[in-house]
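What follows is each chain in one-letter form.
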Amino acid sequence: MLFNSIHYLFFLPVIFALYWFVNKKSLKLQNGLLLVASYYFYACWDWRFLFLLIFSTGLDYYTGLKMYDAQNSGMKKFWFWLSVGINVGFLGIFKYFNFFAESFAGFLSLFGFQANFWTLEVILPVGISFYTFHGLSYVIDIYYDRIKPERNVVDYSLFVSYFPLLVAGPIERATHLLPQIKRKRNFDYTNAADGLKQILWGLFKKVVIADNCAQYVNIIFDNPSSHSGSELVVGAVMFAFQIYGDFSGYSDIALGTSRLFGIELLRNFNYPYFSRDIAEFWRRWHISLSTWFRDYLYIPLGGSQGGTKMRVRNTFVIFLVSGFWHGANWTFIVWGLLNALFIMPAIIFGTNRVNIEIVAKDRGLPNYKELFQMFMTFSMTCLAWIFFRAKSLHEAFVYIKGIFSKSLLSVPGNLPKIEILLCMFLLCIEWYGREENHPLRAFEPKRSVFFRWGFYMLLILGLIYFGAKEQNFIYFQF
Amino acid sequence: MSVFASILISILGGIIIVSNLMIDKKDNFEISKETQYLVLGHSHTEGAFNDSLILNAKNMARGGEHYFFTYLKAKKILESNSNVKAVFLELTNNHISSDVAGWINNSEKNMTNIPVFSPAMDFSDHRYVFRQNPYAYIRSQEIVIKNNLNFLLYRKKNILVQRDWGGFYANPRQKVDSLLKNNQKKILKDKSTEEDFDDSNLIFIDKIRSICRKRGIRLFLIRSPQHPKYTGAKNESKLKEIIKKRYSETPYLDFNNFPLANGEYADLDHLNFKGAQKFSVFFNSLVKDGLLESNDPEKTIQEKIYGYK
């Protein structure tokens, strides 16, 4: 069930009505309803993998309790590694088995050996990377005595399977989400209305920006060698907007949906394309994943302690793993390593925390220096995105070679004018609202109700007019 | 919130109504001034009448089209083109089956057809199609808005072409031999039987007839050629009964037994481009020889078919 589908349009109000008007007096019933709704939501994708989700949930619930009740550290470690091993094992089998088999076969062929490895014909369960990391964060937090295990199986299952974040995040923490699940929720009209606006903005980014940019991007990336350098640049930029519109749009819909139920999720995007350096970009892009790697990988590896060499090593490891998390393809690994290279000067010279607040805070426009910094950062991310989008390393290198050719300065043919205007509109609105959680909040209370409502209707009309055929969110493949 | 929702629905409704009205202009539904004969129907007609081989004819048939949409088409085209003198409207075996009559309830078909024909629909038409399938009607309005705004913003002309209101389809298929080799009953989806009868869509033939009468246009019911082994013709006696009782005053031009080789059919009830060429040349010759002015066109056709063999 896609967020931008008619099915969801019927599903959400029904659950909302049952949640607040039927079950409002009972927290147990509310949580139970959300859990059933979440399983139904997931089953609409593929009911067979619902059993995997339930198994993963049950495994972490059980091992969490066992770890907490363990008599000695040996038993605690046993349950911990059992949970981690099985969770990562499933992820490995479904997502990475064929990659390793084929890569190893390719490696052997370099030495003249022909190896025929058995590859699995498996479908990748939707959202496995996300809910696996949910469970892992819970198990790791129990292991390090940061939290106590959740004994209520319904509450815990809801934490793992909560439908707004089930298939593409944000990756929640037990310390943040579980207390909200266990706490009585009161309907807050203002919060719910703001949630609806966030959903509207998310839908606009996904349906209007991402899906329309995708059509042009697919044409360019399907055959890069038949396009000029300038067209390839436009294609890379359009992809940057596609992936941002797609992923941040989904996150906005997830956050907005959750607020309808009185639950606040972790923010996942904070206007990343207004970043002045790569370090700032990674504090604003897919925040829940970055912080997950920081807390569960970077810090245990030593973090920033132990000098520059340690910091450099740990940073490379994080970006390597992050790239690998995104997919079983060398392109994602190179994408991760490229970002590591981009951020390295800041790590080495200790300038990675220079730009913390949003650019041009309390000012209307950026100065020239900030504009230049944003342009350079955006350009570097676009270069890295080429690897993210390309199907193979060869394709990515062909693409980049095509950019840096004589035709780079030629006028691009068949420029997607409408899509470019839409992207500029997106940038303008996001710039205007960059100091808020979502830009539509910036319209209140500065603008009159007529202006606001007119703007919302314009967005809805845009959704209808530009609404393309339903395309899956990019991050569903993770 | 409810006030916002009400205003939103009103605005969207207003956009639909106003855009439909703006598109509903004669020059958006014009066909060539030389066209005298309009051919309407579903996929059988779409694949049988190659209008490039029939003088002054225009094939506006469209596959999967329920008579309701054929009626809308006839209404609009005849209103906007006074040069049309005669209408050929397909009436064949599957038109009185529940399968075809049920097309008007089909969500997928409605969501395709409603946006195509929306500018041609008046209030009673909207009400009718809404009652058949409210879900499809509401969902299709999103596409109506998009299509209408596109049409107006980009100043397109002639909705007949832009929205694909129909036309000859040169079917490349040639599957009769393989169909006859396999078990027909397993392959044929047409469930036409003597018992499977639904004439609910024939009221739109009545409406088309009424439009033609008002405008002094001659209406001919036709049946395109079908393969002799076509099992969908089990309701033949029922069809003949309807033609005799309900359409006794309307000439029925029956080409069902027009001789064609297996290789000239796409399947058992559609012609391919070869069959269409042969049939269209034959039909053109009939029209040239005064078929439409004949006192007994049905008899003339059978004589010509017999002579053709």
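In what follows, the accompanying structure is described. (Residues numbered from 1 in each chain as written. Chains lettered and ligands numbered in written order. Predicted model: local features only at pLDDT ≥ 70, side-chain atom pairs only at ≥ 80, totals over all residues. Heavy atoms only, no water.)

## Points about the overall build of chain A
Put simply, the test is: For the purposes of this entry, the term helix denotes a DSSP run of H or I that reaches at least four residues, the term strand denotes a run of E that reaches at least two, and both are numbered from the N terminus. It is over C-alpha atoms that the radius of gyration is taken, and the globule rule equals 2.2 Å times the number of residues to the power 0.38. Note on classification: 1.4 Å probe, protein chains only; a residue is buried when its accessible area is under 20% of the maximum for its type, exposed when over 50%, partly exposed between these limits. Computed with the Shrake-Rupley method and a 1.4 Å probe, the accessible areas treat only the protein chains shown as cover for residues.
Looking only at helices and strands, chain A features 18 helices and zero strands. A compact globule built from 478 residues would reach a C-alpha radius of gyration of about 23 Å, and chain A, at 23 Å, matches this within 12%. The C-alpha extent of chain A, read off along each of the three principal axes, is 70 × 70 × 45 Å. Going through the 478 residues of chain A one by one, you find that 56% of them count as buried. As displayed, chain A offers around 21400 Å² of accessible surface, 67% of which is attributable to carbon and sulfur atoms.

## Focus: the overall build of chain B
Short version of the rule: A contact between two residues is defined here by any heavy atoms of the two lying within 4.5 Å. Counted charges follow a simple rule, with Lys and Arg positive, Asp and Glu negative, and His plus the chain ends left uncounted. By convention, charge coordinates are those of NZ in Lys, CZ in Arg, CG in Asp, or CD in Glu.
Within chain B, the secondary structure is distributed over 14 helices and seven strands. Relative to its length of 309 residues, chain B is compact, with a C-alpha radius of gyration of 20 Å against a globular reference of 19 Å. Expressed as lengths along the three principal axes of its C-alpha atoms, the size of chain B is roughly 70 × 45 × 35 Å. Per-residue burial for chain B yields a buried fraction of 54% across its 309 residues. If you take every contact in chain B between residues at least 6 apart in sequence, the share linking residues at least 24 apart comes to 79%. Separation of charge centres in chain B, based on 45 positive and 35 negative side chains, amounts to 3 Å.

## Overview of the nonpolar core
Just so we agree on the cut-off: The set of buried Ala, Val, Leu, Ile, Met, Phe, Trp, Tyr and Cys residues whose side-chain atoms join them within 4.5 Å is what this entry labels a nonpolar core.
One finds Phe-261, Trp-285 and Trp-385 of chain A together with Leu-91 and Trp-165 of chain B to be the most contacted residues of the largest nonpolar core, which totals 198 residues. Broken down by element, the residue count for this core peaks at 15 residues, all from helix α10 (residues 229-260) of chain A. Contact partners of Trp-385 of chain A, with chain neighbours within four places excluded, come to Phe-239, Ala-240, Ile-243, Tyr-273, Phe-281, Trp-285 and Trp-335 of chain A. Counting 29 residues, the second-largest nonpolar core is a separate cluster that includes Ala-48, Ala-86, Leu-179 and Tyr-230 of chain B.

## A word on the pairing of strand β3 (residues 86-90) of chain B
Moving residue by residue along a regular strand, the side chains alternate between the two faces of the sheet. Residue and element names in this part refer to chain B. Applied cut-off: For two strands to count as paired, DSSP must find a minimum of two bridges between them.
Burial analysis of β3 places five of its five residues in the buried class, which makes it a mostly covered element. Going residue by residue along β3, you find Ala-86, Phe-88 and Glu-90 tucked away on one face and Val-87 and Leu-89 tucked away on the opposite face as well. Note: strand β1 (residues 37-40) against β3, four bridges, orientation parallel. Paired with Val-39 across the two strands is Phe-88, which belongs to β3. Sheet analysis places β3 next to strand β4 (residues 218-223), joined by five bridges and oriented parallel. Considered in β4, the bridge of Phe-88 is made with Phe-220.

## Re helix α6 (residues 123-132) of chain B
Residue and element names in this part refer to chain B. How we decide: Relevant arc is that of directions from the helix axis to the C-beta atoms, nothing else.
Among the residues of α6, those classed as buried are Asp-125, His-126 and Val-129. Each buried residue of α6 sits inside an arc of 100° when the element is viewed along its axis, so together they form one side. For α6, exposure combined with an orientation more than 90 degrees from the buried face picks out Phe-123 and Arg-131. Against α1 (2-23), α3 (67-80), α5 (107-117) and α7 (134-153) lie the buried residues of α6.

## A closer look at the interface of chain A and chain B
Rules: Two parts lose some accessible area (1.4 Å probe) when they are put together, and adding that loss for both gives the buried area. Only one rule defines a salt bridge in this text: a Lys or Arg side-chain nitrogen within 4 Å of an Asp or Glu carboxyl oxygen. A 3.5 Å cut-off defines polar contacts: any pair of N or O atoms within that distance qualifies, except that in protein one atom must be a possible hydrogen donor and the other a possible acceptor, and neighbouring residues in sequence count only when both atoms are side-chain atoms.
Listed as interface residues are 16 residues of chain A and, on the opposing side, 17 residues of chain B. Carbon and sulfur atoms supply 78% of the area buried between chain A and chain B, which totals about 1500 Å² over both sides. Interface area lost by chain A to chain B is led by Met-457, Ile-464 and Tyr-465 of chain A, which between them contribute 44%. Joining chain A to chain B, the criterion identifies zero salt bridges. Taken together, the connections running from chain A to chain B amount to two residue pairs in polar contact (both at pLDDT 80 or more). Of all the elements in the fold, those that place two or more residues in the side of chain A that touches chain B are α1 (6-22), α9 (189-222) and α18 (449-466) of chain A. A per-element tally of the side of chain A that touches chain B places α18 of chain A first, with eight residues.

## Structural notes on the pairing of β1 of chain B
Residue and element names in this part refer to chain B. Side chains Tyr-37 and Val-39 of β1 all project onto a buried face; the interleaved residues Leu-38 and Leu-40 project onto the opposite face, where all are buried too. Relative to strand β2 (residues 57-59), β1 runs parallel, the two being bridged by three bridges. When the bridges of β2 are listed, Val-39 appears paired with Asn-59.

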